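Read off the chains here:
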Amino acid sequence: MSTTWITVGTPLPSGPMRIAVTPAGVVMSDYLPDGSATSAPVCTDPAKIDAVTGRITEYLAGRRRAPDLPIDWSRVGDAHRVVLRTLLTEVPYGRTITYGELAALSGVFEGTTEPGLAARTVGQMMAANPVPLLVPCHRVVAADGIGGFGGGRVGIEVKRWLLTLEGVLEPTLDWNGPDWVEAAARG
DNA sequence: CGCGCCAACATTG
DNA sequence: CAATGTTGGCGCG
């Protein structure tokens with residue numbers, strides 16, 4: 001399966017994203033600021049580049065509720081896929097769900113009695129989410145707080161940024177959101 | 001009430 | 001095999 005990479009500029013605190021695409025769709029996306037050292041081939045298909053950069057840009061500008069890009073699930077395991085798809089279909093824009101609730105909703109952990117264990121496993125699945133942003137893993141929060149996020153220290157900032165974009169969190173003073181916020185502030 | 005500590009043992013790479 | 005994006009309960013000040 002040929003995989004090629006597309007780099008998309010974003011207003012996220014982590015900087016640009018790297019998106020890996022195959023003929024079937026997006027297989028992997030990354031918030032990594034310095035994806036420069038990858039030996040993977042760069043995507044040269046103009047149609048894919050336009051689709052990926054366009055939709056992600058529109059979503060991050062608040063003009064689109066979801067990126068709506070095709071996802072290639074072939075590299076994702078069964079349980080993992082079920083949980084990610086449950087999140088994708090059951091948790092809409094602007095809503096959040098806790099790790100434990102998502103675990104229960106997905107039905108993957110029905111035999112598990114310990115609530116904390118299922119929740120923890122979901123957290124692991126989110127951390128291992130191959131397609132962050134496309135699958136809104138940032139909408140999954142802890143029962144008593146915002147929860148964690150991959151990608152090191154900037155990761156949690158990215159999560160807060162996305163939740164602020166979706167109106168879940170109040171904008172902070174250092175909020176450097178997309179252009180539309182000044183239009184919203186005017187009106 | 002807020003904070004720190006502890007155990008439980010699934011899924012992933 | 002080790003590490004994890006949790007959870008709920010407990011004790012303390």
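Residues numbered from 1 in each chain as written. Chains lettered and ligands numbered in written order. Predicted model: local features only at pLDDT ≥ 70, side-chain atom pairs only at ≥ 80, totals over all residues. Heavy atoms only, no water.

Per an unreviewed UniProt entry, the recorded name for chain A is Methylated-DNA--protein-cysteine methyltransferase, and the organism is Kitasatospora herbaricolor. Regarding chain A, the relevant UniProt record gives this comment under Function (unreviewed entry): "Involved in the cellular defense against the biological effects of O6-methylguanine (O6-MeG) and O4-methylthymine (O4-MeT) in DNA. Repairs the methylated nucleobase in DNA by stoichiometrically transferring the methyl group to a cysteine residue in the enzyme. This is a suicide reaction: the enzyme is irreversibly inactivated." Database annotation for chain A, UniProt heading Sequence similarities (unreviewed entry): "Belongs to the MGMT family." (UniProt positions renumbered as here; feature names shortened; annotations may be inferred.)

Colleague: For this particular structure, what's the right way to read the domain arrangement of chain A?
Modeller: Interfaces are often sized by the accessible area lost when the parts come together. Domain boundaries assigned for chain A yield domain 1 (4-60) and domain 2 (78-165). Here domain 1 and domain 2 have C-alpha centroids that lie 22 Å from each other. Taken together, both faces of the contact between domain 1 and domain 2 bury some 1300 Å²; the carbon and sulfur share is 74%. Sorting the residues of domain 1 by area buried against domain 2 places P13, Y31 and Y59 first, and these three jointly supply 47% of that buried surface. Along the contact surface separating domain 1 from domain 2 lie zero salt bridges. Between domain 1 and domain 2 we count three residue pairs in polar contact (both at pLDDT 80 or more) in total. The greatest single-element share of the side of domain 1 that touches domain 2, amounting to four residues, is contributed by strand β3 (residues 25-30). Classifying every residue of the side of domain 1 that touches domain 2 gives eleven nonpolar, two polar and no charged. (Domains from an automatic or database assignment. Buried area = accessible area lost by both parts, 1.4 Å probe. Salt bridge = Lys/Arg side-chain N within 4 Å of Asp/Glu carboxyl O. Polar contact = N/O pair within 3.5 Å; in protein donor to acceptor, adjacent residues only side chain to side chain. Helix = DSSP H or I, 4+ residues; strand = E, 2+ residues; numbered from the N terminus. Nonpolar A, V, L, I, M, F, W, Y, C, P; charged D, E, K, R; others polar.)

Colleague: I'm lost on the protein's contact with DNA strand C in this one. Help?
Modeller: If you check the shell around DNA strand C, you find 17 residues, and the closest are Y99, R120, A127, C137 and A143. Considering DNA strand C, the proportion of its atoms within 4 Å of the protein that are sugar or phosphate atoms stands at 48%. Between a phosphate oxygen of DNA strand C and a main-chain N or O atom of A143, the distance comes to 2.8 Å. F149 places a polar main-chain atom, nitrogen or oxygen, 3.4 Å from a sugar or linking oxygen of DNA strand C. Of the residues belonging to the surface near DNA strand C, the class tally is nine nonpolar, five polar and three charged. (Near = heavy atom within 4 Å.)

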